Every structure is written in C-alpha cells, then in structure tokens.
Amino acid sequence: MEIQVLEGVLVEVPTADVTGIDRRAFGEFVGPRGELASYAFGWTTGSDPHVARLSIGIGAGNPGGGTFHAVIFAHEDGHAFSLVDEPFERVPQGGPDLSADQSRAHEDLPFVWWVADHVMQHDRRAGWMRHWLLGTTCIQTPEVCERHEPVLFVSHDADDGVWQLIGATDASGGTGKVGHLHHAVDEDPTLIDVLDLPPGRTAVRAGVGEPWTADV
C-alpha cells in the first residue's frame, strides 16, 4: 500500500476587517501500513509576518491519541515547523489538544513530522501556501496581469527561480509585470496544479479547466 495524502475541503472566509482571506485546508493521511492521521493547515492573506498554521491528529479514542499544533514559516530557501501551545483546528483523527511540551515528549512525534512533510509535498493547497510563505516572484505578461487573458503557459526558470506566466499573447522583452505567484493563484486557482513545477521546466494548457501538460 502506498502513502496517500487525500485532500479534503478548503474553507475560505474574509477576515473580520475584510483586508484578506483566511484559508483552511483539511485532509487525511494513510500510511503504507494503514497508519491514519488527519490534518488541517491554513494561512491568512494580508497578514504580516507570513506565518501559517498546522494541526495533525492521530489516535482518536486511544490513550495515546492527540492533536499536535505547529506554525510553519519561511526558513532559508524552504520552510520549517515549530510546535506551539495554541490549538489551530480540530481534526477527525485527533484526540486532546497537546501543548508544545506535551508534543515534544510524545513518542509518536517523529511520525507526526513525517506526516507533515508528506502533506507539504503532496497536498496541492500546501504548495499554494508555501509560495505565500516564501513570497515567490513571478513575471506576468500585461494581458495576464490585467486579467484580459488566462495563463496558458508557465515556466519556472532554472537559473534564478523566477516563474513566468503567459497567456495567448506572446511575451515581449521589457513589458512583463513583476508580482507574487500566490496572488496569481488567488485569481486563478486552476494554477494550483503546476505549483510543483521543477526549475527548468514548463507547462502548457489549451484553456482554463483544460489539463496541464509539462515538458519532458
């Protein structure tokens, strides 16, 4: 049996001051031997600093069960986790909310971090959140930036890591608009399927809703 990361619902709610969106993504993890965990992670657009939240629950109904809570933040060229006391979300497989000290002392903490790593790697919403955390730069054609055209071509540069988003109109030198990749996904969530595009690769599609095809 292979490891499964099963995406659940995505809840999006405007913040109280209507300056951003609070996003919370839920899902389930199934390990190779049937180990179960459930999770939730989330981030709030417009907030500063960029820090996301994570809850992972294991062992519902069992003496050793519990829900672990952490923050996720940018670290060097990637992300890192840090356990916290404050609960984030309740998840089906979880038990009592554990404090940071209780989590550190728990015998299953290595399993919980293993789940967290797989969630960040395989849940597409986590890629969206990760680009928000890192402030990933993208260059868009004016037509895409002004939302006159959808993104049909995506490239992830190998040398500088910059992403390029192009519509039906070819890009021309000096006209590109610099922005953040997560904002482009905010406007067009169908970009979520190419957020793991490796450096040096490109992907194309015929239109919004059509499948992406990556180069080989």
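In what follows, the accompanying structure is described.

Thresholds, definitions, all that
- Residues numbered from 1 in each chain as written.
- Predicted model: local features only at pLDDT ≥ 70, side-chain atom pairs only at ≥ 80, totals over all residues.
- Heavy atoms only, no water.
- Helix = DSSP H or I, 4+ residues; strand = E, 2+ residues; numbered from the N terminus.
- Contact = heavy atoms within 4.5 Å.
- Pairing = 2+ DSSP bridges.
- Axes fitted to C-alpha atoms, helices over the stretch in contact; angles between N-to-C directions.
- Disulfide = S-S within 2.5 Å.
- Buried < 20%, exposed > 50% of the residue type's maximum accessible area, 1.4 Å probe, protein only.
- Patch = residues over 30% accessible without salt bridge, like charges linked within 9 Å, V, L, I, M, F, W, Y side chains within 5 Å.
- Areas by Shrake-Rupley, 256 points an atom, 1.4 Å probe, with all protein chains shown as cover.
- Salt bridge = Lys/Arg side-chain N within 4 Å of Asp/Glu carboxyl O.

**Focus: the side chain of histidine 156**
If you trace the backbone, histidine 156 turns up in strand β8 (residues 153–156). When neighbours within four sequence positions are excluded, histidine 156 is seen to be in contact with Gly161, Val162, Trp163, Leu197, Pro198, Pro199, Gly200 and Arg201.

**Considering the sheet that holds strand β3 (residues 36–44)**
Hydrogen bonding along the main chain pairs the strands of a sheet, whether they run parallel or antiparallel. With antiparallel pairing, the 6 strands of this open sheet are ordered in space as β1-β2-β3-β4-β5-β6. The open sheet terminates on both sides in strands that have one partner only, identified here as β1 (4–14) and β6 (78–83). Taken pair by pair, the neighbouring strands of this sheet meet at an average axis angle of 20°, ignoring direction. Looking at chain direction, strand β2 (residues 21–30) and β3 are connected through 9 bridges and run antiparallel. By the bridge assignment for β3, glutamate 28 is matched with serine 38.

**With respect to the sheet that holds strand β12 (residues 213–214)**
Here 6 strands make up an open sheet; going across it, the order is β10-β7-β9-β8-β11-β12 and the pairing mixed. Looking at which strands have only one partner, the edges of the open sheet turn out to be β10 (177–180) and β12.

**Overview of the environment of threonine 45**
The residue threonine 45 is located in the loop between β3 and β4 (51–58) in this model. Here the alpha-carbon distance between threonine 45 and phenylalanine 68, two residues 23 residues apart in the chain, equals 24 Å.

**A look at the state of the cysteines**
Applying the stated criterion across every chain yields a total of 0 disulfides. The thiol sulfur of cysteine 138 is not disulfide-bonded, and the nearest other cysteine sulfur, from cysteine 145, lies at 8.4 Å. Residue classification places cysteine 138 among the buried residues on the basis of a relative accessible area of 0%.

**Topic: unusual backbone geometry**
Note the cis peptide between aspartate 48 and proline 49, where omega equals 5°. Position of proline 49 relative to the elements: it lies in the loop between β3 and β4. For valine 18, which is not a glycine, the phi torsion comes out positive at approximately 60°. Checked against the element boundaries, valine 18 lands in the loop between β1 and β2. Using a relative accessible area of 66% as the deciding quantity, one classes valine 18 as exposed.

**Regarding a nonpolar patch on the surface**
A grouping of Val9, Val11 and Val13 is seen on the molecular surface, where their side chains present a nonpolar patch of about 230 Å² in accessible area. Note on placement: valine 9 falls in strand β1. Residue class for valine 9 comes out exposed when judged on its relative accessible area of 53%.

**Points about helix α3 (residues 124–134)**
Most of α3 is tucked away, with 8 of its 11 residues classed as buried. Residues Arg125, Ala126, Gly127, Trp128, Met129, His131, Trp132 and Leu133 constitute the buried set of α3. Of the residues flanking the end of α3, it is glycine 135, one or two places downstream, whose phi is positive at about 65°.

**A look at the pairing of β4**
With respect to burial, β4 is a largely interior element, 7 of its 8 residues being buried. As defined by bridge partners, β3 adjoins β4 across 5 bridges and the pair is classed as antiparallel. Along β4, the bridge assignment pairs tyrosine 39 with isoleucine 56. Counting the residues that bridge the hairpin from β3 to β4 gives 6 residues, and of these glycine 46 lies at a positive phi of roughly 85°. Here β4 runs beside strand β5 (residues 66–75); their pairing, made up of 8 bridges, is antiparallel. Its bridge partner lying in β5, isoleucine 56 is registered against phenylalanine 68.

**Here's the deal with the pattern of salt bridges**
Counting across every chain of the model gives 15 salt bridges. Put simply, glutamate 12 and arginine 23 hold a salt bridge, and the shortest N to O gap is 2.6 Å. Of the two residues, glutamate 12 sits in strand β1 while arginine 23 sits in strand β2, which places them 11 residues apart along the sequence. When its relative accessible area of 42% is taken as the criterion, glutamate 12 is described as partly exposed. With a closest N to O distance of 3.9 Å, arginine 53 and glutamate 86 form a salt bridge. Of this pair, arginine 53 sits in strand β4 while glutamate 86 sits in the loop between β6 and α1 (100–105), placing them 33 residues apart in sequence. Its relative accessible area of 18% is what places arginine 53 among the buried residues. Classification of glutamate 86 as exposed rests on a relative accessible area of 52%. Here the residues in one salt-bridge network are Glu7, Asp123, Arg124, Arg125 and Asp193, joined through shared partners.

Honestly, it's all geometry; don't read function into it.
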